[in-house]
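# Breakdown of the fold
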Amino acid sequence: MEIYPFLKSLVDQDTSAVVICDTKHKIVYMNPAACERYAKYGGSGLLGKDLLHCHSPKSAELIRKVLGWFERSPNNNRIHTFYNEKENKDVYMIALRDSENALIGYYEKHEYRDRDPAPLYAFL
């Protein structure tokens, strides 16, 4: 059984924005939450664009440095990049690697810290 549909669904069901880039910083995938979150910047129209053009020069330089760090070792896969106090979340850059551990890209992961107020197992 092919794993791709499962992985795509996993990313698409995430309520956090997921923007996946290749090692040249080209945006290769955005989940629905990312398209909505970044709608005022072009939403799904950002696909194929250079992620660095969406950031300040300082942020773009930091992204380049993180990519270099990812490339230095297959053990360098996650780095804390930001805490957003307003949304109470930590933000990380995560390396994406192929089956031979070669770096193929990266994405930004948002981890929210507020407790989810939804009832547990609310089927109805």
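None of these values were measured; they are calculated from a predicted model.

The rules behind these values
Numbering of residues starts from 1 in every chain and runs along the sequence as written. Thresholds applied to this predicted model are a pLDDT of at least 70 for local features of residues and 80 or more for the giving and counting of side-chain atom pairs; totals over whole chains, interfaces and linings are not thresholded and use all residues. Excluded from the side-chain calculation are hydrogens and water; included are all heavy atoms of the structure. Any two strands between which DSSP finds at least two bridges are classified as paired. Per the convention used, a helix needs a DSSP run of H or I reaching at least four residues, while a strand needs a run of E reaching at least two, with both numbered from the N terminus. Every axis corresponds to a line fitted to the C-alpha atoms, with the helix fit spanning only the stretch in contact, and the corresponding angles, defined between N-to-C directions, vary from 0 to 180 degrees. Stacked, edge-to-face and tilted labels apply to pairs of Phe, Tyr and Trp rings (six-membered ring for Trp) whose centres lie within 6.5 Å, assigned for plane angles under 30 degrees, over 60, and everything in between, in that order. Working definition: with a 1.4 Å probe on protein chains only, accessible area under 20% of the residue-type maximum means buried, over 50% means exposed, and in between means partly exposed. In our convention, an over-ring charge means Lys NZ or Arg CZ found within 6 Å of a ring centre and within 35 degrees of that ring's normal.

### Examining the sheet that holds strand β1 (residues 19-22)
Spatial strand order, β2-β1-β5-β4-β3: 5 strands in an open sheet with antiparallel pairing. Edge strands, defined here as strands with exactly one partner in the open sheet, are β2 (27-30) and β3 (78-84). In this sheet, neighbouring strand axes are inclined to one another by 20° on average, regardless of whether the strands run parallel or antiparallel. Inspection of the sheet shows β1 paired to β2 by 3 bridges, in the antiparallel sense. What sits directly across from Val19, in β2, is Met30.

### Some details on the packing of aromatic side chains
In this structure the tally under the stated criterion is 2 aromatic pairs. Note on Trp69 and Phe70: the rings are 5.8 Å apart at their centroids and 45° apart in plane angle, and the pair reads as tilted. Here Tyr121 and Phe123 contribute two aromatic rings whose centre-to-centre distance is 6.3 Å and whose plane-to-plane angle is 35°, an arrangement assigned as tilted. Each member of the pair Tyr121 and Phe123 is classed as exposed. Arg78 extends its terminal NZ or CZ atom over the ring of Tyr92, reaching a point 3.8 Å from the ring centre.

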